[in-house]
Amino acid sequence: MENDPDPMYKWRAMLVVSIGIFMATLDASIVNLALPTLTDYFNTDIATIEWVILSYLLTVTTLLLTLGRLSDMYGRKPMFLAGLLTFTLGSGLCSLSASADQLIVFRVVQGLGAAMLMANSTAIITAVFPQTERGKALGLTGTVISIGYITGPALGGFLIYWIGWQSIFYINIPVGLLGTVYAFKTLKPDQVHVSQKFDILGAILMFLSLISLVLAITQGQVLGWDSPVIIALSILFAVFLAGFVIVEKRADQPIVELSLFQNRPFSASNASGFLSFVAMFAVMLLMPFYMEKILGYNPSHVGMAFIAVPLVMAMVAPVSGWISDRTNSFLLSSLGMAVFCLALFLLGNLDQDATYLDIVIRLGMIGLGMGLFQSPNNSIVMGSVPKDRLGIAGGMLGMVRNLGMVTGIAISGAVLTSGLQSNQTAGLVYEAAFLGGFHDAFMVAAVVCSVGIITSLMRGKRGKIT
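Residues numbered from 1 in each chain as written. Predicted model: local features only at pLDDT ≥ 70, side-chain atom pairs only at ≥ 80, totals over all residues. Heavy atoms only, no water.

A.B. asks: Sorry, what's going on with the pattern of salt bridges here?
C.D. replies: Side-chain pairs of opposite charge can arise whenever the charged atoms involved come near each other. For the structure on display, the rule yields one salt bridge. Taking the shortest distance from any N to any O, the salt bridge between Lys-293 and Asp-40 comes out at 3.4 Å. Linking Lys-293 in helix H11 (residues 264-294) with Asp-40 in helix H1 (residues 9-41), this pair joins segments that are 253 residues apart in sequence. When its relative accessible area of 32% is taken as the criterion, Lys-293 is described as partly exposed. (Salt bridge = Lys/Arg side-chain N within 4 Å of Asp/Glu carboxyl O. Helix = DSSP H or I, 4+ residues; strand = E, 2+ residues; numbered from the N terminus. Buried < 20%, exposed > 50% of the residue type's maximum accessible area, 1.4 Å probe, protein only.)

Okay, structure coming up:
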């Protein structure tokens, strides 16, 4: 696929990738919006129903680097096609779920498909676009992400309210099938590296370390952070991580070249991306519950409010990508993180008297901050690695993003639940108790985002592909 003489091929490849991105983001925005409905439908609580998201993200997070490495070795096209089909199958299974447990299990299937897509999407775009157009191209994918998020809440709110939550998974099936056919006909075989060896031991140790970490993060709020199980998982994470580092340093062809992290733009940009998604998913988890349970809005109204985030992102992301191509500056995305941090602080101060406009303005600020941040940040990450490592860099970018999502859900859910329970024990009514935990969770998210400003300022200009 690299350096294709057909000048239109890069745009056809962009369309193929956009279909996969659109399907994944459409699904993500709809499922987040459906959490309060699913809580009532399955007669469960927030701590349980958040696993509808966590099981998906856990699967994606633990498999991205492995799948990115395999795509570098055996081709991005077959991996991308398999991802589309697997995601479509998972969507069909999710729509048939008769219990929360079934839905959580079937989301794992969706997560496998999403991991195949995410490990390849950014790599395909980076491979077919020259460096001088990379920021613009990644900005356009940011717009597609925004369109998916725009369509998701509006369509999802309508479907959930008028038809039922099962319908939010039905819509992935035709998109997935059509996308698979188009991708099969359009994508050209890319350069593979079958002579490379797959680092099986490294992949296993990486999987075990990540799953230990994510389980510790997600179960800490349920079992208690001082629980023997959580302490054991934390120790296992440290042991497996140390083993992974040792194996990778000795491997002839490691699954992750640790030398990449000596590149300050690469490591600092990944750290900034992680922190941004920790903060972002506090918003995604908490705002639907706040708007439905405290303010009394129905899912369709919540969906329309959430459109403010991707709508602003859709307008800002291509511009920020275009500017980053020409200035090679880290300041634009740092400014985005600062705007994002301010928006989190303002969201955390909403109360029972907040108007719909108050919410929309603050969510629009979230979109502005993320739109300024993401395109330059992603361009720096992908521009810092050799071309035969684009798959693994894209996998790393996606893994960091999803690990941030998991961490954000776990931390914000834990802070909200803890505050809610302690406030109710103190005698406060549910609404006041919820708002106390809601405020605390957003303040934590704002602090996390402020650290992201620092890491963003530390990274300097992007590296160059060699």
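A.B. asks: I would appreciate a short explanation of the environment of Phe-106 in the present structure.
C.D. replies: Looking at the element boundaries, Phe-106 is found in helix H5 (residues 100-128). It is 6.0 Å that separates the C-alpha atoms of Phe-106 and Leu-93, two residues lying 13 residues apart in sequence.

A.B. asks: Sorry, what's going on with helix H13 (residues 308-327) here?
C.D. replies: Two residues of an α-helix separated by three or four positions point the same way, owing to the 3.6 residues in each turn. Between its terminal C-alpha atoms H13 stretches 28 Å, which fits the 28 Å expected from 20 residues at 1.5 Å a residue. The principal kink in H13, of about 30°, is found at Ala-314, preceding the proline Pro-318 by one to four residues. Those residues of H13 that sit buried are Ala-308, Val-309, Pro-310, Val-312, Met-313, Ala-314, Val-316, Ala-317, Ser-320, Gly-321, Ser-324 and Asp-325. (Expected span 1.5 Å × (residues − 1). Bend = angle between axes of the 7 residues up to and from the residue.)

A.B. asks: Sorry if this is basic, but what is going on with the nonpolar core here?
C.D. replies: Considering soluble globular proteins, one finds that nonpolar side chains tend to be buried as a cluster. Counting 129 residues, the largest nonpolar core has Met-287, Tyr-290, Leu-344, Ile-366, Phe-438 and Phe-442 as the members making the most contacts within it. Ile-366 has contacts with Met-280, Val-283, Val-309, Phe-340, Ala-343, Leu-344 and Leu-347, leaving out every residue within four places of it along the chain. (Core = buried A, V, L, I, M, F, W, Y, C linked by side-chain atoms within 4.5 Å. Contact = heavy atoms within 4.5 Å.)

A.B. asks: Help me out: how do you make sense of the side chain of Glu-292 in this one?
C.D. replies: Take Glu-292: it is sitting in helix H11. Of the side chains with opposite charge, Lys-293 comes closest to the buried, unpaired Glu-292, at an N-O distance of 5.8 Å. Contact partners of Glu-292, with chain neighbours within four places excluded, come to Leu-33, Pro-36, Tyr-297, Pro-299 and Val-302. (Lys, Arg positive; Asp, Glu negative; His and termini not counted.)

A.B. asks: Looking at this structure, how should I read helix H4 (residues 76-95)?
C.D. replies: Look at H4: 29 Å from first C-alpha to last across 20 residues, which is about the 28 Å you get at 1.5 Å a residue. Burial runs high along H4: 15 of the 20 residues are buried.

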